[in-house]
Amino acid sequence: VQLVESGGGLVQPGGSLRLSCAASGFTFSSAAMSWYRQAPGKERELVAAINSAGGSTNYANSVKGRFTISRDNAKNTVYLQMNSLKPEDTAVYYCRAITFTHYWGQGTQVTVSS
């Protein structure tokens, strides 16, 4: 099983990034997917989640209206579009898959700074 995140980087406040998480080794279309983040000295927190079919999503209050989670089951990939980024969005972002168990990616760093 592999979850490989990409798309992180350094961006100025107000900017945008799109994270991708490419999955392999399990039935992606049956898995609920989510994005978490962990800032230095803080606990890992749920950012956004999407069900297996892509018809249901939920978001942390801190990112509602700015972030959008989506998935492409044909490409075994989940995305996180992040707009209007703020310095407090700086964190390592992780992809998580939930089937009968759960899997984590290795994370991608997002830094929002001028």
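Shown above is the structure to which this text applies.
Scoring rules and cut-offs
The residue count restarts for each chain, going from 1 along the sequence in the order it is written. Confidence filtering applies because this is a predicted model: local features only for residues at pLDDT of at least 70, side-chain atom pairs given and counted only at 80 or more, and all residues used for totals across whole chains, interfaces and linings. Each side-chain value is derived from all of the structure's non-hydrogen atoms; neither hydrogens nor water enter the calculation. Any pair of cysteine sulfurs within 2.5 Å is marked as a disulfide. Here a helix means four or more residues in a row that DSSP labels H or I, a strand means two or more in a row labelled E, and each is numbered from the N terminus. Remark: exposure states derive from per-residue accessible area (1.4 Å probe, protein chains only) relative to the maximum for the residue type, with buried under 20%, exposed over 50%, and partly exposed in between. In this count, Lys and Arg are taken as positive residues and Asp and Glu as negative ones, while His and the chain termini are left out. Think of a salt bridge as a Lys or Arg side-chain nitrogen and an Asp or Glu carboxyl oxygen that are within 4 Å of each other. We call two N or O atoms a polar contact when they sit within 3.5 Å, provided that within protein one can donate a hydrogen and the other can accept it, with sequence-adjacent residues counted only if both atoms are side-chain atoms. It only takes one pair of heavy atoms within 4.5 Å for two residues to be counted as in contact. Paired strands, as defined in this entry, are two strands with at least two bridges between them according to DSSP.

## Remarks on the state of the cysteines
Linking two cysteines covalently via their sulfur atoms produces the bond known as a disulfide. Using the criterion set out here, one finds 1 disulfide in the structure. Two residues, Cys21 and Cys95, share a disulfide whose sulfurs are 2.2 Å apart. Around the S-S axis, the bridge from Cys21 to Cys95 shows a dihedral of about -80° and counts as left-handed. Separated by 74 residues along the polypeptide, Cys21 in strand 3 (residues 17-24) and Cys95 in strand 9 (residues 91-98) bring together distant segments of the chain.

## Considering the side chain of Arg71
Relative to the helices and strands, Arg71 is located in strand 7 (residues 67-72). Buried and unpaired, Arg71 has Asp72 as its nearest opposite-charge partner, separated by 8.3 Å. A polar contact is formed between the side chain of Arg71 and the backbone oxygen of Asn51, at a distance of 2.8 Å. Within polar-contact distance, the side chain of Arg71 engages the backbone oxygen of Ser52 at 3.4 Å.

## Observations concerning the pattern of salt bridges
In this structure the tally under the stated criterion is 3 salt bridges. Ionic contacts of the salt-bridge type, sharing partners, join the residues Arg37, Glu45, Arg66 and Asp89 into one network.

## Focus on the side chain of Ser34
Looking at the element boundaries, Ser34 is found in strand 4 (residues 32-38). Classification of Ser34 by relative accessible area gives buried; the value is 4%. Ignoring anything within four residues of it in the chain, the contact list for Ser34 reads Leu46, Ala48, Ala49, Ile69, Tyr94, Cys95 and Arg96.

## A word on the pairing of strand 7
Residues Phe67, Ile69 and Arg71 of strand 7 are buried on one face, while the alternating residues Thr68, Ser70 and Asp72, pointing to the opposite face, are not. Bridging between strand 7 and strand 8 (residues 77-82) involves 6 bridges; their strand directions are antiparallel. Counterpart to Arg71 in the pairing with strand 8 is Val78. Connecting the antiparallel pair strand 7 and strand 8 is a turn made up of 4 residues, with Asn76 showing a positive phi of about 50°.

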